[in-house]
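Chain residues, written in single-letter form:
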Amino acid sequence: MMACSLSHLVHLAIVRCEEIERLILAKDQVSSSSSNGDTSLQPTSFPNLTKIVVENCKNLNSLFPFGFVSVLSKLETLIVIGNSKLEQVFELEDEVEVVAEEEMKFDKLKWLTLEELPGLIHFCPKGYHSVFPAMTELKVRDCPKLTTGFFIDSQDFVHCKTKLVEQDAIEESTSVRDAIFNENIYWIRRRRWGSTTTHYTKEWMILG
């Protein structure tokens, strides 16, 4: 009965749930979690979920298994704030093989906020590249360990990419030359007189 109800869920907010370690379990974790009392949500379909807010869950380590990306087909807003132990937003399952430059596309995600996450290492797994064609506002603040860089392409699409090796510089191709790592970012899409211009600074990335 609970699973059926979750399929109609539109907004999900989890605040100050101090015991939760993962928001959604990977398929291979479900059987073991039932025996050790893990309270994480089980894999299910969220065809109508448009907004997720996760704040101040001090033991949270990751949000979603990598295979969950396709389930969030209608997600428009993702806000993650003040989760001190969070290391990764999308966690790569053990059996998934990393394919260099494989693309993760978030067709409807418009608002992404990552704030006060001192342990956050990456948004997407190493070797993967995420594209946000509908993005209108991006905030990244106080994430000092983040190895995922954000950049904008010639079509004004927001992209992010995680370094395969943390100490290596990101490739010097034209499409990723303006990637920003380990900085506070505020980016907003604005259109004036039917055109767009792009402005970058070291701490702020603004499209106006």
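Residues numbered from 1 in each chain as written. Predicted model: local features only at pLDDT ≥ 70, side-chain atom pairs only at ≥ 80, totals over all residues. Heavy atoms only, no water.

Attention now moves to the pairing of strand β4 (residues 77-81). Taken across its five residues, β4 has five buried, putting it largely inside the fold. With burial as the criterion, each face of β4 is covered, one bearing T77, I79 and I81 and the other bearing L78 and V80. Direction of pairing for strand β2 (residues 51-55) relative to β4: parallel, over a ladder of five bridges. Pairing of I52 across the sheet is with L78, part of β4. Relative to strand β7 (residues 111-115), β4 runs parallel, the two sharing five bridges. Bridge assignment links L78 to a residue of β7, and that residue is L112. (Buried < 20%, exposed > 50% of the residue type's maximum accessible area, 1.4 Å probe, protein only. Helix = DSSP H or I, 4+ residues; strand = E, 2+ residues; numbered from the N terminus. Pairing = 2+ DSSP bridges.)

Moving on to the sheet that holds strand β8 (residues 128-132). Taken together, four strands build an open sheet; the order of strands is β6-β8-β11-β10 and the sheet is mixed. Looking along the sheet, the strands with just one partner apiece sit at the ends: β6 (102-105) and β10 (148-152). Recorded for the sheet is a direction-independent mean angle of 25° between the axes of neighbouring strands. Here β6 pairs with β8 via four bridges, running parallel. Residue pairing across strands places E103 opposite H129, the latter belonging to β8. (Axes fitted to C-alpha atoms, helices over the stretch in contact; angles between N-to-C directions.)

What follows covers the sheet that holds β7. Reading across from one edge, β1-β2-β4-β7-β9-β12 is the order of the six strands in this open sheet, with mixed pairing throughout. What marks the edges here is a single partner per strand, and that holds for β1 (11-15) and β12 (185-188). Shown here is a sheet whose adjacent strand axes are inclined to one another by a mean of 5°, direction ignored.

Time to look at the state of the cysteines. Counting across every chain of the model gives zero disulfides. Here C57 is not disulfide-linked; the sulfur of C17 is the nearest cysteine sulfur, at 4.9 Å. Take C57: its relative accessible area is 0%, and that puts it in the buried class. Here C160 is not cross-linked by a disulfide; its sulfur's nearest cysteine counterpart is in C124, at 4.0 Å. (Disulfide = S-S within 2.5 Å.)

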